[in-house]
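Survey of secondary and tertiary structure
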Amino acid sequence: GVVTNKTPLCDALRASAKALPVVRRLLTCNHPLSTYEYAMSDLSQRHCQACDSSTPALSANEIDSALSQLAGRWTQVENTRIRADFKFKNYGKTQAFVNAVAYIAHREMHHPEITFGYNQCRVELTTHAIDGLSENDFIFAAKVDRLVDD
């Protein structure tokens, strides 16, 4: 899965790279989100796995344990979602972040709810197939954390 210069998503990310430096790192071959050659020690270095309605949702204890591995911005909503709010200096940086989250969604085949405005963005995660939280939601959240915490 390498994004080529002919990919519209790649063009959007290149335009966003001027506004958010981490997007430049996503486009390089040695960034953890663009390669598969790294230790599997933390959630951000793992990949979402396909699941279906037979996949069990995480228990309350499993959710608490997984949340403890994420930045404090993530909160649990009704045992079926996790949510984080992000603030940026301006619209360009917000849009760059949204584009980077979209890139992660494309690569991981796990799609969050994203709402954003001039200088803020909310990301909500749930696993629709099970109407609850799966490990995929926490893997994805950890990758989003890396966008703003690196």
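Shown above is the structure to which this text applies.
Residues numbered from 1 in each chain as written. Predicted model: local features only at pLDDT ≥ 70, side-chain atom pairs only at ≥ 80, totals over all residues. Heavy atoms only, no water.

A short note on helix H3 (residues 60-67)
The condition is simple: Buried, partly exposed and exposed residues are distinguished by accessible area as a fraction of the type maximum, computed with a 1.4 Å probe on protein chains only: under 20%, between the cut-offs, and over 50%, respectively. Put simply, DSSP H or I for four residues or longer makes a helix, DSSP E for two residues or longer makes a strand, and each gets a number counted from the N terminus. Think of it as the arc spanned by the lines of direction from the helix axis to the C-beta atoms. Only heavy atoms enter the contact rule, under which two residues are in contact if any of them lie within 4.5 Å.
By the burial criterion, the buried members of H3 are Ile63, Ala66 and Leu67. The buried side chains of H3 occupy one side of the element, clustering within an arc of 100° when seen end-on. Check the buried side of H3 and you find it contacts strand S1 (75-77), strand S2 (81-87) and helix H5 (135-149).

Focus: the pattern of salt bridges
Cut-off, in case you're wondering: The salt bridge definition used is simple: a Lys or Arg side-chain nitrogen within 4 Å of an Asp or Glu carboxyl oxygen.
Per the counting criterion, the structure on display carries seven salt bridges. Note that glutamate 135 is salt-bridged to arginine 46, the shortest N-O span being 2.9 Å. Linking glutamate 135 in helix H5 with arginine 46 in the loop between helix H2 (21-26) and H3, this pair joins segments that are 89 residues apart in sequence. Residue arginine 83 pairs with glutamate 124 through a salt bridge whose shortest N-O separation is 2.7 Å.

Notes on the pairing of strand S4 (residues 120-125)
Along a regular strand, successive side chains alternate from one face of the sheet to the other. Selection criterion: Whether two strands pair comes down to DSSP finding at least two bridges between them.
Taken together, the six bridges between S2 and S4 define a ladder with antiparallel strand orientation. Note on S4: the bridge partner recorded for isoleucine 82 is leucine 125. As paired strands, strand S3 (residues 113-116) and S4 are joined by four bridges and run antiparallel to one another. In the strand pairing of S4, isoleucine 114 is matched with valine 123. Connecting the antiparallel pair S3 and S4 is a turn made up of three residues.

Brief notes about the pairing of S2
Alternating positions in S2 separate cleanly, Ile82, Ala84 and Phe86 being buried on one face and Arg81, Arg83, Asp85 and Lys87 remaining unburied on the opposite face. As judged from the three bridges shared by S1 and S2, these two strands associate in the antiparallel manner. Bridging across to S2, glutamine 76 finds its partner in isoleucine 82. Taking the residues between adjacent antiparallel strands as the criterion, S1 and S2 are bridged by three residues, where glutamate 78 takes a positive phi near 55°.

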